[in-house]
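# Fold and geometry: a report
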Amino acid sequence: MDTISALAELWAPSLLFGMSACLLLAAVAVPFMSVAALAAALLAKRGLYDRCARQLGRLALALAWLAFACAGGLILTKIRQTVFPPLLADAGLAAGSALAVAAVLWSVCVRAWQRLRTRPAALCLLGLAGGLGAALVPVLALLLACMRLTGIDISAFSGWQDPLLPARLAEVGSGHLFLSILSVLVPLGCAAGGGIALIWLVLRRKRDDYGRDYYAFAARWCGKWAAAGGWLSLALLACVALILSERTFFSALDLNPGAHARGMAGAGLLAVAAALWTGIGLSAAPMRHKPGMVLALFCFLAALAAAALC
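So, a few notes on the structure that sits alongside this text. (Residues numbered from 1 in each chain as written. Predicted model: local features only at pLDDT ≥ 70, side-chain atom pairs only at ≥ 80, totals over all residues. Heavy atoms only, no water.)

Before going further, it helps to spend a moment on the packing of aromatic side chains. Inspection of the entire model under this criterion finds seven aromatic pairs. With a centroid separation of 4.9 Å and 90° between ring planes, the pair formed by Y49 and F217 is classed as edge-to-face. Residue Y49 is located in helix α2 (residues 47-79), and its partner F217 is located in helix α8 (residues 212-245); the two are separated by 168 residues in the primary sequence. Across this residue pair, the class does not change: Y49 and F217 are buried. On the basis of an interplanar angle of 90° and a centroid distance of 5.2 Å, the ring pair of Y210 and Y214 is categorised as edge-to-face. Residue classification places Y210 among the partly exposed residues on the basis of a relative accessible area of 24%. Judged by relative accessible area, Y214 falls into the buried class, the value being 1%. Of the aromatic side chains, those joined through ring pairs into one cluster are Y49, F217, W221 and W225. (Phe/Tyr/Trp six-rings, centres within 6.5 Å; stacked < 30°, edge-to-face > 60°. Helix = DSSP H or I, 4+ residues; strand = E, 2+ residues; numbered from the N terminus. Buried < 20%, exposed > 50% of the residue type's maximum accessible area, 1.4 Å probe, protein only.)

If you check helix α5 (residues 120-149), its first and last C-alpha atoms are 43 Å apart, about what 30 residues at 1.5 Å a residue would give, namely 44 Å. Where α5 ends, the next residue or the one after it, G151, has phi of about 90°, a positive value. (Expected span 1.5 Å × (residues − 1).)

What follows concerns the packing of α5 against helix α7 (residues 176-204). For the pair α5 and α7, interaxial distance at closest approach is 10 Å and the crossing angle is 145°. As α5 runs across α7, the sense of the crossing is right-handed. Residues V139, L142, L143, C146 and L149 of α5 pack against L177, F178, I181, L182 and L185 of α7. Residue classes in the contact of α5 with α7 are distributed as 10 nonpolar, no polar and no charged. (Axes fitted to C-alpha atoms, helices over the stretch in contact; angles between N-to-C directions. Left-handed = near helix turned anticlockwise from the far one by under 90°. Contact = heavy atoms within 4.5 Å. Nonpolar A, V, L, I, M, F, W, Y, C, P; charged D, E, K, R; others polar.)

None of this, on its own, says anything about what the molecule does.
Right, dumping it as structure tokens:
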């Protein structure tokens, strides 16, 4: 029982982190997936892409409001327990505002979809603006994390108005650590968005009766997004590990074999998820792979949790 309790205590916060990270990454990626489907509908003149864009737009709206609610709940919970440094408080306010703007923009986009179908450029601009608003949150979080990892004292800044902050942000933002992690987060977002979109298709199938051909098409399309993001993430992770291993940042990890083991386990789980998504994306009947969709998303969450333990 002690071993089980220790494992639960170790993995519970990491799984919570994995779920939160997956939700935020998907909230960033799904709007761009919807806009890509809308652009494909205009270029290919196929109604299947238009239906897919609209369904993904509803998912983007749900994810934006869910991410806003989770972020707001987390901030309100922590405010009662912790006194934030001014810079962190300003960053939290900026992140919440960005998520709220993204949610409002996608609310307008989904509500006015039928009216704006004759103006696809307006739909694309609204969708891109919502996606960029949500994308501000992980970028802000990554900048602050890299500042702490490089030894910069965040509590020393008085907030966004601090005259020394722009130079520090430019220094961190152009550094190898920030750019390397950001390059991995982009395809990870595609994997998270595609994986959650597959579950969304299953949940919406009876409510949105678009026919068997549509759902086979949409599941393959979302599966390919998820698979491409998963495999590209693995390739970039290998490159980033090679680049940063030559620097002093990972010198502490060399003394911790457990971190290497958890990192390899996370990479293996991500490979399993990508393989399952690849099978769905290439299948002639992808909607029959519902257990594979659920298992792939679970492996992806576990991979993010393992990364949090490294």
